[in-house]
Amino acid sequence: MTEPETFHFADDGAIPNSPLPLLLYRGALPEAVNAAAFEKLFAGHGWGGLWRDGIYAFHHFHSTAHEVLGIAAGRVRVRLGGPAGQSVEVRAGDAVVIPAGVGHLNEGASADLLVVGGYPKGQRADLRRGDPAEHDRMLRNIATVPLPARDPVTGGVIWR
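We now turn to the structure provided with this report. (Residues numbered from 1 in each chain as written. Predicted model: local features only at pLDDT ≥ 70, side-chain atom pairs only at ≥ 80, totals over all residues. Heavy atoms only, no water.)

## A short note on helix α1 (residues 35–44)
An α-helical turn contains 3.6 residues, so a residue and the one three or four places further along point in the same direction. The cut-off we apply is this: Each residue is assigned to one of three classes by its accessible area relative to the maximum for its type, calculated with a 1.4 Å probe on protein chains only: buried under 20%, partly exposed between the two thresholds, exposed over 50%. Helix and strand assignments come from DSSP, with helices taken as H or I runs of at least 4 residues and strands as E runs of at least 2, each series counted from the N terminus. Directions pointing from the helix axis toward each C-beta atom define the arc. What qualifies as a polar contact is a pair of N or O atoms within 3.5 Å, subject to a donor-acceptor requirement within protein and to the restriction that residues adjacent in sequence count only when both atoms come from side chains.
Taken residue by residue, α1 has Ala35, Phe38, Glu39, Leu41 and Phe42 as its buried positions. Each buried residue of α1 sits inside an arc of 165° when the element is viewed along its axis, so together they form one side. A distance of 3.1 Å separates the backbone nitrogen of alanine 36 from a side-chain oxygen at the start of α1, and that oxygen is part of asparagine 34. Remark: glycine 46 follows α1 within two positions and exhibits a positive phi of approximately 85°.

Structure representation (structure tokens):
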């Protein structure tokens, strides 16, 4: 596996984003790509609250948890960082580590898309859509989210 691609996004007044970089691991699981393999990888590195589904087709972020998304099947174009962010395509085997506050949106996916998501142990995600009236409160929430003990993909140190 290569080093992750990193992305930084500015606060746009609705989607707060984060000073922490979003990490995109291309080919996190180059072989035996399936939901169970991502679940084992993430759980083995201390991430829990695992789920299987897709990615919402509206701009959203989490102010109370960091999130990992493993693409177990298919492909999806995701807009990262809110409306002014960047659109990237991810496919089976890729993983995205999203810091609390960073916006994401499904811009279109293959019919077979399956995503495994999860959060660092002890964190539970809320669902926020970028209401400017909540912005200051969301910034306070995000500032209190602890860094995960380990990277969900590599198991190494993350964001230190």
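## Notes on the pattern of salt bridges
Formally: A carboxyl oxygen of Asp or Glu within 4 Å of a side-chain nitrogen of Lys or Arg is what we treat as a salt bridge.
Under the definition given, this model contains nine salt bridges. Close ionic contact of glutamate 89 with arginine 77 constitutes a salt bridge, the shortest N to O distance being 3.8 Å. In this pair, glutamate 89 sits in strand β6 (residues 86–91) while arginine 77 sits in strand β5 (residues 75–80), placing the two residues 12 residues apart along the sequence. For arginine 77, a relative accessible area of 33% puts it in the partly exposed group. Its salt-bridge partner being arginine 91, residue glutamate 89 comes within 3.0 Å of it at the nearest N-O pair. The exposure class of glutamate 89 is partly exposed, given its relative accessible area of 23%. Residues participating in the shared-partner salt-bridge network are Asp126, Arg128, Glu134 and Arg137.

## Quick notes on the environment of glycine 48
This is how the line gets drawn: We call two residues in contact when some of their heavy atoms are within 4.5 Å.
By secondary structure assignment, the location of glycine 48 is in strand β3 (residues 47–53). Residue classification places glycine 48 among the buried residues on the basis of a relative accessible area of 15%. Discounting residues that sit within four places of it in the chain, glycine 48 has contacts with Gly118, Tyr119 and Lys121.

## Structural notes on helix α2 (residues 135–143)
Those residues of α2 not exposed but buried are His135, Met138 and Ile142. Down the axis of α2, the smallest arc covering the buried residues is 60°, so these residues share one side. α2 presents Asp136, Arg140 and Ala143 as exposed residues on the side facing more than 90 degrees away from its buried surface.

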